[in-house]
Amino acid sequence: MTMSSELCAGEMAVNCQPFMRFHGVHGTNVRIDPSGTQATRVESFANGICFSQDPLEPGQIFLVEIEEKELGWCGHLRVGLMARDPRTLNTVPEYSLPDLVNMGDSWVFAITRNHNKVAQEDGEITSNGAGIGLLTDPYLNVGKIKIPRDKLVARSRPGRFSHILDELYKLNVLPPTARRSRIGVLYEPQSDGTHQMHIIINGEDMGPSARGIPANQPLYAVVDVFASTKSVRVIQLEYGFPSLQTLCRLIIQKHVVHRLAIDWLELPQLLKNFCKYE
């Protein structure tokens, strides 16, 4: 085994991940852009199921950002895992829930405006750094997996009175179903030889939303561009150490009351924008 392969076999195996894109197999109402990174539902509210081009590695996040919403529909984005090659499907089901799940070998989680956290086996609701922790901890920890939060966290564009009217504004965190929200799925290996599926919403782990997933088949990400979610884009992640720019932003955010206060600092405008939005 070479030195590079040894590194890829360790805890940070996701460092060696390839460019992430959508699979050529997808629902009949979905259009994938030429880069393979944007999926848009062009008709109706269903038949919007997409898959990752390649199976995921342990701890590797398939992360998408909601780019466009469509009013008039009930329901939102759905994400999960499928333990089969999409090319083996005779047809892509109309719905991920329940159709795809009922076919077996699939685990899908419906994203809602609230209450996405799942209970641990002891009945407690899990929490992993919500709120102020998102501003001070540069890493997301899922079991032994450690991932920089930088590109996992979505931030709203501030309005004049956002800091007064919306507590989420102070935390730089968007509601899960909002435009620009970032949602991802990964799996974590367990000591008993199975996997647990975790949903990540704007840098926060929602907990093990599926347990006991067999480890004998490759796992592809499932993204259902459903109902009010019209278009999503794959976000490419860089694993390793946070950049100096990111660490500086975390310190600035930690010492201001809300993001509008960043405008009062004597900083270059590009740095202000980075601290407030990116």
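Everything discussed here concerns the structure shown above.
We now turn to the structure provided with this report. Treat the numbers as computed from the prediction; the structure is a model and nothing was measured.

The rules behind the values
- Sequence order sets the numbering: in each chain, residues are counted from 1 along the sequence as written.
- Predicted model: local features are reported for residues with pLDDT of at least 70 only, side-chain atom pairs are reported and counted for 80 or more only, and whole-chain, interface and lining totals are derived from all residues.
- Hydrogens and waters are ignored; side-chain quantities use all the structure's heavy atoms.
- Pairing between strands requires that DSSP locate at least two bridges from one strand to the other.
- Secondary structure elements are defined from DSSP: runs of H or I of at least 4 residues count as helices, runs of E of at least 2 residues count as strands, and each element is numbered from the N terminus.
- All axes here are fitted lines through C-alpha atoms, helices being fitted over the stretch that makes contact, and every angle between N-to-C directions spans 0 to 180 degrees.
- Here the nonpolar core consists of buried residues drawn from Ala, Val, Leu, Ile, Met, Phe, Trp, Tyr and Cys, with membership extended through side-chain atoms lying within 4.5 Å.
- Summary of the burial criterion: residues with accessible area below 20% of their type's maximum are buried, those above 50% are exposed, and those between are partly exposed, where the area comes from a 1.4 Å probe applied to protein chains only.
- Whether two residues touch is decided by their heavy atoms; if any such pair falls within 4.5 Å, the residues are in contact.

1. Re the sheet that holds strand S13 (residues 229–235)
Spatially, 7 strands are ordered S1-S2-S13-S4-S9-S10-S11 in an open sheet, and the strand pairing comes out antiparallel. The open sheet has two edge strands, strand S1 (30–32) and strand S11 (204–213), and neither has a second partner. Between one strand axis and the next, the sheet turns through 20 degrees on average, direction left out of account. Judged from the 4 bridges that link them, strand S4 (residues 62–69) and strand S9 (residues 182–189) form a sheet pairing that is antiparallel. Its bridge partner lying in S9, Phe 62 is registered against Val 185.

2. Side note on the sheet that holds strand S5 (residues 78–82)
Judged by pairing direction, the sheet is antiparallel, and its 4 strands sit side by side in the order S3-S12-S5-S6 without closing on themselves. The sheet terminates laterally at strand S3 (49–51) and strand S6 (106–110), the two strands that pair on one side only. Here the strands of the sheet are splayed against their neighbours by 20 degrees on average, with no regard to which way each runs.

3. Concerning the nonpolar core
Core analysis: the largest hydrophobic core is formed by 32 residues, its most contacted members being Phe 22, Phe 62, Leu 81, Met 197, Ile 199, Val 223 and Val 232. Apart from the residues lying within four places of it in its own chain, the contact partners of Val 223 are Phe 22, Gly 48, Ile 49, Cys 50, Phe 62, Val 64, Leu 77, Arg 78, Val 79 and Val 232. Val 142, Leu 186, Leu 237 and Tyr 239 belong to the second-largest nonpolar core, a separate cluster that totals 12 residues.

Spatial relationships are all this shows, so hold off on functional conclusions.
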